[in-house]
Each structure stands twice: as structure tokens, then as C-alpha cells.
Amino acid sequence: MITYNLEKDLDVEEFRSVLIRSTLDERRPVNDIECMTKMVRNANITVTARENGVLIGVARSISDFAFCTYLSDLAVDVKYQKAGIGKELIRRTKLEAPEAKLILLAAPAARDYYPKIGMPQFEYCFVLDDVQQLKL
């Protein structure tokens, strides 16, 4: 049986492990424990999926609970994908901040997933990795 919970103190190693088992590690700094610790500690909505106590899925978000919630990580162990776990993690994340728009950037391999579960796609997104990139 899969259980879903809001977890404020998710273990960093468990988080790292599920990222690896979901293939999201290809786009996350899983070998930088300091960064991973900050990612877990500074998220204010972390919804987990567990089977027999083992973390099999996580949705990690940052929200102002009024206007927007940014879903930064949606990871489900590949053994459990296509079973509705990701969709349920998204649903439960949205319920934590119902007035706020849920926003995410899709991983290339997941771009077709979100429209299938009813999330509209928007064309515009901009990313700034380094302040030096700004043209003055």
C-alpha cells in the first residue's frame, strides 16, 4: 500500500536516492550533499509517496501560498512510474496551496506527461544561472 504524506524533515539521503531511482539525478546535483541539504531544508512543501516506509516518490516545492507554487522536483522511482503516483503527488501539492498557481519546468523526458494529466503548457520560460549573464 502506498501512503502519501507532507514531510517537513525529509532525510537528504532518501531524497537523493529517489532522485537517482527516478533518473532525475541526470539534472540534479546529487553528488553535492551541501546543495542537496539546502534543497530539502528550504522547500516549504514536500509531499512524499512511500511503500512500506520506503520513499518511492517526492514532490518538492516552494510556495508563497497565495500566488504561486514552484514544483521544483517531481521524482518517482522508475519501478513505480505509470501508476498515478506522480499525478497524486502533484494533486496533493496543489491542495497545500489551493489559491496559488502550480508552476514547473518539465524535464525533457517528461514533456509529454504533464499535458496528459491535464496541465496546460505555456511557451515562455526564462532562466538566469549567473548574475553576470544580465546585460547592463
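Everything here concerns the structure above.
Source: prediction; values computed, not measured.

(A) Structural context of the environment of isoleucine 45. Checked against the element boundaries, isoleucine 45 lands in strand S2 (residues 45–51). Given a relative accessible area of 1%, isoleucine 45 falls into the buried group. For the pair isoleucine 45 and aspartate 112, spaced 67 residues apart in the sequence, the C-alpha separation amounts to 24 Å. Apart from residues no more than four positions distant in its own chain, isoleucine 45 is found in contact with Leu6, Ala59, Arg60, Ser61, Ser63, Phe65, Thr69, Thr93, Glu96 and Ala97.

(B) Looking closely at the packing of aromatic side chains. The final tally for this structure, using the stated rule, is one aromatic pair. An angle of 75 degrees between the planes, with centres 5.1 Å apart, marks the rings of tyrosine 113 and tyrosine 114 as edge-to-face. Here tyrosine 114 falls in the buried class, since its relative accessible area comes to 10%.

(C) Structural detail: helix H2 (residues 33–42). Buried within H2 are the following residues: Met36, Met39 and Val40. In a view along the axis of H2, the buried residues occupy a sector of 90 degrees, so they form one face of it. In H2, the exposed positions that point more than 90 degrees away from the buried face belong to Glu34 and Asn42.

Reading the values: rules and limits
- Residues numbered from 1 in each chain as written.
- Predicted model: local features only at pLDDT ≥ 70, side-chain atom pairs only at ≥ 80, totals over all residues.
- Heavy atoms only, no water.
- Helix = DSSP H or I, 4+ residues; strand = E, 2+ residues; numbered from the N terminus.
- Buried < 20%, exposed > 50% of the residue type's maximum accessible area, 1.4 Å probe, protein only.
- Contact = heavy atoms within 4.5 Å.
- Phe/Tyr/Trp six-rings, centres within 6.5 Å; stacked < 30°, edge-to-face > 60°.
- Arc of directions from axis to C-beta.

So, to be careful, I would describe these as geometric facts and stop short of saying anything about function.
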